[in-house]
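Structural overview for review
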Amino acid sequence: GTVCVESVIEKEGWKGVHRILERPPLTTSEVIHMRYGPVEQQAFPLDNFSDLIPYDGWIEAWESNLGEFILYEWLRGYIPDDEARKVAEGWRGDVIKLFRMTDKWAILWMIRYDNERDAVALFHYLRKAVERRFPEGELEGYLKGKRIWWKIGNSYSFVERRGVFCAVGIGYSDIPERFMVFER
């Protein structure tokens, strides 16, 4: 935020700061890229992801948006900084949900990208990130360029791509039957 305001002062003076205060940025993407109009953060078709929501006893405990900056920060923990920055630039919205069942927790993070080509790249980087975060994970299934899932201890994690959307699920107690397709 500070870098953004300093940059605006340098380019436009205090008049620019007043303009930002009249319509503050809604996303980290606007701040990072100095976009003054709203980023094309479109509504999520959550119904299209209903099959990824944990079922049988899971309760939704929290929902929020993380933004381009958090995506970048998460990715750079597992891939080189310059690659993480480039991949995160395609972000156009996200929804993260946290689910609880007694003492178990599961996360579903759905991310929208600006085009399918960049979403394919994100899918591959998310796969790398999950594999590096959970090196003990055993590959359970793979559907080329669309879905991959692992068994990690007593739970499952996955990365899935649907057009311009990618989803990451971590901590699932089971995997939907439709996942039980395996390609080599």
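Anything mentioned here points back to the structure above.
Residues numbered from 1 in each chain as written. Predicted model: local features only at pLDDT ≥ 70, side-chain atom pairs only at ≥ 80, totals over all residues. Heavy atoms only, no water.

Observations concerning the sheet that holds strand 2 (residues 91-101)
Ordered in space as 1-2-3-7-6-5-4, the 7 strands form an open sheet in which the pairing is antiparallel. Each of the sheet's edge strands pairs with one partner strand only, and the pair in question is strand 1 (59-64) and strand 4 (138-143). Along the sheet, successive strands turn relative to each other by an average axial angle of 15 degrees, direction set aside. Contacts from helix 6 (residues 116-133) reach strand 3 (104-113), strand 4, strand 5 (147-152), strand 6 (155-162) and strand 7 (165-172), with the element oriented near 165 degrees to strand 6. (Pairing = 2+ DSSP bridges. Helix = DSSP H or I, 4+ residues; strand = E, 2+ residues; numbered from the N terminus. Axes fitted to C-alpha atoms, helices over the stretch in contact; angles between N-to-C directions. Contact = heavy atoms within 4.5 Å.)

Let's talk about the nonpolar core
Counting residues in hydrophobic clusters, the biggest one holds 27 residues, and the most contacted among them are Leu 71, Leu 75, Ile 111, Tyr 113, Leu 122, Leu 126 and Val 159. Counting only elements with at least two residues in this core, the list comes to helix 4 (67-76), helix 5 (81-88), strand 2, strand 3, helix 6, strand 5 and strand 7. With 7 residues, helix 6 is the largest single contributor of residues to this core. Ignoring any residue separated from it by four or fewer positions in sequence, one finds Leu 75 in contact with Ala 84, Val 87, Leu 122, Tyr 125, Leu 126 and Ala 129. (Core = buried A, V, L, I, M, F, W, Y, C linked by side-chain atoms within 4.5 Å. Buried < 20%, exposed > 50% of the residue type's maximum accessible area, 1.4 Å probe, protein only.)

Structural notes on helix 5
Looking at helix 5, one finds that the buried residues are Ala 84, Val 87 and Ala 88. End-on view of helix 5: buried residues confined to an arc of 95 degrees, all on one side of the axis. Looking at helix 5, the residues exposed on the side facing more than 90 degrees away from the buried face are Asp 82 and Lys 86. (Arc of directions from axis to C-beta.)

Considering the packing of helix 4 against helix 6
Where helix 4 contacts helix 6, the two axes come as close as 9 Å, and the packing angle between them is 50 degrees. One element, helix 4, and the other, helix 6, form an angle in the oblique class. Together, Leu 71, Trp 74 and Leu 75 of helix 4 and Leu 122, Tyr 125, Leu 126, Ala 129 and Val 130 of helix 6 make up the contact between the two elements. Within the contact of helix 4 with helix 6, the residues separate by chemical class into 8 nonpolar, no polar and no charged. (Parallel < 35°, antiparallel > 145°, perpendicular 65-115°, else oblique. Nonpolar A, V, L, I, M, F, W, Y, C, P; charged D, E, K, R; others polar.)

Quick notes on the packing of aromatic side chains
Enumeration over the complete set of coordinates arrives at 4 aromatic pairs. Between the aromatic rings of Phe 69 and Tyr 72, the centroid separation amounts to 6.2 Å while the plane-to-plane angle is 50 degrees, which identifies the pairing as tilted. Here Phe 69 pairs with Tyr 72, and both are found in helix 4, just 3 residues apart, close to one helical turn. Since its relative accessible area comes to 36%, Phe 69 is described here as partly exposed. With 5.1 Å between their ring centres and 80 degrees between their planes, Phe 158 and Tyr 172 make a pair best called edge-to-face. Of the two residues, Phe 158 sits in strand 6 while Tyr 172 sits in strand 7, which places them 14 residues apart along the sequence. Following the ring pairs from residue to residue traces out a cluster consisting of Trp 74, Tyr 78 and Trp 109. (Phe/Tyr/Trp six-rings, centres within 6.5 Å; stacked < 30°, edge-to-face > 60°.)

Notes on the pairing of strand 6
For strand 6, a buried count of 7 out of 8 residues is recorded, marking the element as mostly surrounded by other parts of the structure. Here strand 5 runs beside strand 6; their pairing, made up of 6 bridges, is antiparallel. Bridging across to strand 6, Trp 149 finds its partner in Phe 158. Remark: 2 residues form the turn of the hairpin made by strand 5 and strand 6, two consecutive strands paired antiparallel; Gly 153 in that turn has positive phi of roughly 65 degrees. Across 7 bridges, the pairing between strand 6 and strand 7 is antiparallel.

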